[in-house]
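Notes for the structure review
Single-letter residue listing:
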Amino acid sequence: MAEKKATTKKATETKAPVAKKEATAKKTATVKAAKATVAINAENIGFKAGDVYQALAAAEKALNVKEIAKAAKISEEETLLGLGWLFKEGKLVSTDDEKVVLA
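Everything numeric in this text was worked out from a predicted model, so none of it was measured.

Turning our attention to the overall build of the chain. Across its full length, the chain holds four helices and two strands. Its helices and strands taken in sequence order, the chain reads α-α-α-α-β-β from the N to the C terminus. Long-range contacts, defined as pairs at least 24 residues apart, comprise 48% of the intrachain contacts of the chain with a sequence gap of at least 6. Summed over its atoms, the accessible surface of the chain is roughly 8,000 Å², and 58% of this surface lies on carbon and sulfur atoms.

Spelled out as C-alpha cells, the structure:
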C-alpha cells in the first residue's frame, strides 16, 4: 500500500505545473485580444474617417495604410474603417501601387 500512495503523490505533483502553464497562457491570450479591440459604431468610425481625411490632406500626396495610420496617430484597423467610410462617400481614389489619395 505504501507504493500506491507514492505513485499517486508523484502524479499529482507532475500535473500541477502543467495547469499553471495553461492558466498563464490563457491570461496572456486574453490580454492580447483586448488590445486589438476597436469600438465599431457610426460615431467612432466617423471620427476615424475625419482623422484619415486630415492626414491625407496634410500630406498632399498618396499614402498607404501604414503611413496614414502613423500620420493620423491611430491603429491600422481604425484607419481601414475610416478609409471605408471615405471610399463610400467618394472622397478617395486608390492608385495602382496600393496607395490612397483624396479625390
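Mapped onto the elements, Ile68 comes out in helix 3 (residues 65-72). The spatial distance from the C-alpha of Ile68 to the C-alpha of Val100 is 9.0 Å, given a sequence separation of 32 residues. Non-local contacts of Ile68, meaning those with residues more than four positions away in its chain, are made with Val52, Ala55, Leu56, Leu63, Thr79, Leu83 and Val100.

Ranked by size, the top nonpolar core spans 12 residues in total: Ala49, Val52, Ala55, Leu56, Leu63, Ile68, Ala72, Ile74, Leu83, Leu86, Leu92 and Val100. Of all elements in the fold, only helix 2 (42-59), helix 3 and helix 4 (76-89) reach the threshold of two or more residues within this core. With near-sequence residues (within four places) excluded, Val52 lies in contact with Ile68, Ile74, Thr79, Gly82, Leu83 and Leu86.

Criteria and thresholds
Residues numbered from 1 in each chain as written. Predicted model: local features only at pLDDT ≥ 70, side-chain atom pairs only at ≥ 80, totals over all residues. Heavy atoms only, no water. Helix = DSSP H or I, 4+ residues; strand = E, 2+ residues; numbered from the N terminus. Contact = heavy atoms within 4.5 Å. Areas by Shrake-Rupley, 256 points an atom, 1.4 Å probe, with all protein chains shown as cover. Core = buried A, V, L, I, M, F, W, Y, C linked by side-chain atoms within 4.5 Å. Buried < 20%, exposed > 50% of the residue type's maximum accessible area, 1.4 Å probe, protein only.

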